[in-house]
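Each chain, letter by letter, is given below.
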Amino acid sequence: MPSEKTFPTGLVPPSFQLCFTTDCKRAGDCIRYLAGQHIGTDRAFGPAIYPTVLKRGDCPYFRQTRVIHGAWGDFDTLFADTKSKDGPAIRNQIKTYLGGHGTYYCYNKGKYLLTPEQQEWILNLFRQYGYTENLRFDGYRDEYDFT
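Residue positions are counted from 1 within each chain, in the order its sequence is given. Per-residue local features of the predicted model are confined to residues with pLDDT of at least 70, and side-chain atom pairs are confined, for both listing and counting, to 80 or more; whole-chain, interface and lining totals are unaffected and use all residues. With hydrogens and water set aside, each side-chain value is computed from the structure's full complement of heavy atoms.

Engineer: How should I be thinking about helix H3 (residues 87-98) in this particular structure?
Structural biologist: Since the α-helix advances by 3.6 residues per turn, residues separated by three or four positions end up pointing in the same direction. Only DSSP runs of H or I covering at least 4 residues are called helices, and only runs of E covering at least 2 are called strands; the numbering of each starts at the N terminus. By definition here, a helix of n residues has an expected span of 1.5 Å times n minus one. In this model H3 runs 16 Å from its N-terminal to its C-terminal C-alpha over 12 residues, within 8% of the 16 Å that 1.5 Å per residue would give. Among all positions in H3, only Gly-87, Ile-90, Ile-94, Lys-95 and Leu-98 are buried. Burial along H3 is one-sided: seen end-on, the buried residues are contained in an arc of 140 degrees. Residues of H3 that are buried in the fold lie against helix H2 (76-79), helix H4 (101-108) and helix H5 (116-128). Just downstream of H3 lies Gly-99, where phi reads positive at about 110 degrees. Each residue is placed in one exposure class: buried if its accessible area under a 1.4 Å probe, protein chains only, is under 20% of its type's maximum, exposed if it is over 50%, and partly exposed if it falls in between. Arc definition: it is the arc formed by the directions from the helix axis to the C-beta atoms. Any pair of residues with heavy atoms lying within 4.5 Å of one another is described as a contacting pair.

Okay, here's the thing in structure tokens:
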């Protein structure tokens, strides 16, 4: 399981909003604040949450720090027993769900990790087609969730 000592500064998406508001009462539980505290030395600017957000009360940009058991891989295991008539339809539905052809291949090649919610959606899709065996992904790893 990742820890603060091994915080993945290189995996924080460039568009992810960082927070540096030390007086926020929820900072200790917020992934935006944690990412801001572990910012890489190669970053000099980027999207941020301004301290003025606290003037409105609780921060609407708060995001709970969570480590997910993410899945990745070529989906070979999932499609291994799929009938040739079902494969293209299932693959197209997954592509649509994940946001298109390019995004599908980012997940497929392990550039992005599937969240537990995404994993469950995909596994349920296979179940709808009657597949119940080998419903697992090619690989798993625990990482901070930046989604």
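Engineer: Is there a simple way to explain the packing of aromatic side chains in this structure?
Structural biologist: Aromatic rings in a pair are described by how distant their centres are and how their planes are angled relative to each other. Side-chain rings of Phe, Tyr and Trp, where Trp is taken by its six-membered ring, are said to pair if the distance between their centres is within 6.5 Å; with planes under 30 degrees apart they count as stacked, over 60 as edge-to-face, and otherwise as tilted. Throughout the structure, instances matching the rule amount to 11 aromatic pairs. Plain terms: the ring middles of Phe-7 and Phe-146 are 6.0 Å apart, the flat faces sit at 90 degrees to each other, and that makes the pair edge-to-face. One end of the pair, Phe-7, is in the segment before strand E1 (18-19); the other, Phe-146, is in the segment after strand E4 (139-144), with 139 residues separating them in the sequence. Side by side, Phe-7 and Phe-146 carry an identical accessibility label, which is buried.

Engineer: Any chance you could explain the pattern of salt bridges here in plain terms?
Structural biologist: A side chain with one charge may pair with a side chain of the opposite charge, provided their charged atoms come close. We define a salt bridge as a contact between a side-chain nitrogen of Lys or Arg and a carboxyl oxygen of Asp or Glu at a distance within 4 Å. This model, assessed by the stated rule, comprises seven salt bridges. In this structure, Lys-25 engages Asp-58 in a salt bridge whose closest nitrogen and oxygen atoms are separated by 3.2 Å. On the criterion of sequence distance, the pair formed by Lys-25 in the loop between E1 and helix H1 (31-37) and Asp-58 in the loop between strand E2 (48-49) and strand E3 (67-72) is long-range, its members being 33 residues apart. Assessed through its relative accessible area of 71%, Lys-25 is described here as exposed. Accessibility expressed as a relative area gives 47% for Asp-58, which makes it partly exposed. A cluster of three or more residues bridged by salt bridges with shared partners is formed by Arg-66, Glu-117 and Asp-145.

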